[in-house]
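This is what each chain is made of:
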Amino acid sequence: MLRTQTSLSTWSQERSMKWLVLLGLVAFSECIVKIPLAKVKTMRKTYSEKNMLNSFLKEHAYRVSQISSRGSKITIHPLRNIMDMLYVGNITIGTPPQEFQVVFDTGSSELWVPSIFCNSTACSTQVRFRHLESSTFRPTQKTFSITYGSGSMKGFLAYDTVRIGDLVSTDQEFGLSVAEYGFEGIPFDGVLGLNYADMSSIGAIPIFDNLKNQGAISEPVFAFYLSKAKGSVVMFGGVDKSYYQGTLNWVPLIHAGDWSVHMDRISMKRKVIACSGGCKALVDTGTSLILGPTRLVNNIQKLIGATPRGSEHYVSCFAVNTLPSIIFTINGINYPVPARAYILKDSRGHCYTTFKANTENTSTETWILGDVFLRRYFSVFDRGNDRIGLARAV
């Protein structure tokens, strides 16, 4: 993400709507880093008090399995879709391995999980790394802190062996939180950043770079297939063509340093409704929605007849079948997102739009294409050629 980009919004307990993945650059005391988190429809009210979350997790039990592509060196790692708002996968850290559920995030470069020193309420529901039980653990004297609009965390950096399925990154630098405030009830343990090393404000070598440097992957690419149903995956070292139809359309990055591309325009019913002179688009697996400048997002809400209610915009569920697709044109190719994709239902059965205003001012018009877009389009992140590939997901 841009250093000036912040898509964190306040996590208010009074707001009991849907989950939002709150992504953006967050100010460290020493640096700035983007951490993907989830805003819950006040998990404590809507789920925790009714024991709905535990029931959901039990009913959708997650089983880590490694999918091998015969005759290839592609590692296909399963991701778990939590209510269409968060995709998480399991990794292990240490020797013997300790398992954690993390967000695989193309918008950040850091890897972090909670430490046993974290006694915050948020950490009490997370898996905490037991460093004394790992024979390969190596601490450092480096510390960091993060301040959020609705909370904060702080921790220290260390080294250990990290595994993603059959991929092994030895002596991987990662963060361990010692305090977290404001993140109670979020069903993940940490974050695994997949952005460029340039975006690592703490100076750590990202895990993908380590895997590449250590020869663990045959090609410097990874890809995402995000689905509403079961079967979401992240793949490393190559691309499995069975996850998309047609051909991949390759889009060069604006610069080799983060996963942002030039977008030509955003249109509806053959009329340009945003990005009229071209703009910047960040392809971000850690963001659940589609974020853009406040004025333009508000205009889109009006065009689709959405009514503001609290922090959200709602439409009649009967209108979903009649609302037009919104088309994102990137590198000359149209990527339509139909209403059934950009309109979701909350727990009460009310339909809301997935366009959200990004209140952070930037020097250029910037959009963040999150999971709402990426569920429609299989995405390939090619570090070797500094480009992103998009194709219609199956």
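The structure presented is a predicted model; accordingly, all values stated were derived computationally and were not measured.

Chemist: Looking at this structure, I do not really get the side chain of Asn81. What am I missing?
Modeler: Of note, Asn81 is situated in strand S7 (residues 80–82). With relative accessibility at 15%, the residue Asn81 sits in the buried group. Of the polar contacts made by the side chain of Asn81, one reaches the side chain of Tyr87; its length is 3.4 Å. From its side chain, Asn81 meets the backbone oxygen of Ser227 in a polar contact 2.9 Å long.

Chemist: So what exactly am I meant to see when it comes to the sheet that holds strand S23 (residues 312–315) here?
Modeler: The strands that make up a sheet pair up through hydrogen bonds in the backbone, lying either parallel or antiparallel. With respect to topology, four strands assemble into an open sheet ordered S22-S23-S27-S26, the strand pairing being antiparallel. The sheet is open, and its two borders are formed by strand S22 (307–309) and strand S26 (343–345), each paired with just one other strand. The sheet shows a mean angle of 45° between the axes of neighbouring strands, direction not considered. Pairing of S26 with strand S27 (residues 351–353), which is carried by three bridges, proceeds in the antiparallel orientation. Bridged to Ile343 within S27 is Thr353.

Chemist: Would you take a moment to explain the environment of Leu390 for this structure?
Modeler: Here Leu390 lies in strand S31 (residues 387–393). Residue Leu390 is classed as buried on the basis of its relative accessible area of 2%. Residues Leu390 and Val380, spaced ten residues apart in sequence, show a C-alpha to C-alpha distance of 6.5 Å. Residues contacting Leu390, with those up to four places away along its chain left out, are Thr247, Leu248, Asn249, Ile330, Tyr335, Phe373, Tyr377, Phe378 and Ser379.

Chemist: Honestly, the state of the cysteines in this entry has me stumped. Any pointers?
Modeler: Note on terminology: a disulfide is the covalent bond linking the sulfur atoms of two cysteines. With the rule as written, the count across this model stands at three disulfides. Across the disulfide, Cys317 is cross-linked to Cys351 (sulfur-sulfur distance 2.1 Å). With the S-S dihedral at roughly 115°, the linkage between Cys317 and Cys351 falls on the right-handed side. With Cys317 in the loop between S23 and strand S24 (326–330) and Cys351 in strand S27, this pair connects stretches of sequence that are 34 residues apart. With relative accessibility at 28%, the residue Cys317 sits in the partly exposed group. Given a relative accessible area of 4%, Cys351 falls into the buried group.

Chemist: Explanation requested: the nonpolar core in the structure shown.
Modeler: Note that soluble globular proteins tend to have their nonpolar side chains buried in a common cluster. Counting 80 residues, the largest nonpolar core has Ile91, Phe104, Phe236, Phe328, Tyr342, Trp367 and Phe373 as its most contacted members. If near-sequence neighbours (up to four positions away) are discounted, Phe328 is found in contact with Met263, Arg265, Ile266, Ile290, Ile333, Asn334, Tyr335, Val337, Phe355, Leu369 and Phe373. Grouped together as the second largest cluster of nonpolar side chains are 15 residues, Ile82, Val103, Ile186 and Phe188 included.

Conventions used here
- The numbers attached to residues start from 1 for each chain and follow its sequence in the written order.
- Local features in this predicted model are restricted to residues whose pLDDT is 70 or higher, and side-chain atom pairs enter the listing and the counts only when it is 80 or higher, whereas totals over whole chains, interfaces and linings include all residues.
- Note: side-chain values were computed over all heavy atoms of the structure, leaving out hydrogens and water.
- The way it works is that DSSP assigns letters per residue, a run of H or I at least four long becomes a helix, a run of E at least two long becomes a strand, and they are numbered from the N terminus.
- Exposure is judged per residue with a 1.4 Å probe applied to protein chains only, and the accessible area is read against the type maximum: over 50% gives exposed, under 20% gives buried, and values in between give partly exposed.
- The definition of a polar contact used here is a pair of N or O atoms within 3.5 Å, where within protein one atom must be able to donate a hydrogen and the other to accept one, and adjacent residues in sequence count solely through side-chain atom pairs.
- Each pair of strands is called paired provided DSSP finds at least two bridges between the two strands.
- Between the N-to-C directions of two axes lies an angle of 0 to 180 degrees, each axis being a line fitted to C-alpha atoms and, for a helix, fitted only over the stretch in contact.
- Contacts are residue-level and defined by heavy atoms, with any inter-residue pair within 4.5 Å sufficient.
- Cysteine sulfur pairs qualify as disulfides if the two atoms are within 2.5 Å.
- We call a set of buried residues a nonpolar core when its members are Ala, Val, Leu, Ile, Met, Phe, Trp, Tyr or Cys and they connect through side-chain atoms within 4.5 Å of each other.

Honestly, that's just the spatial picture; any functional story needs more than this.
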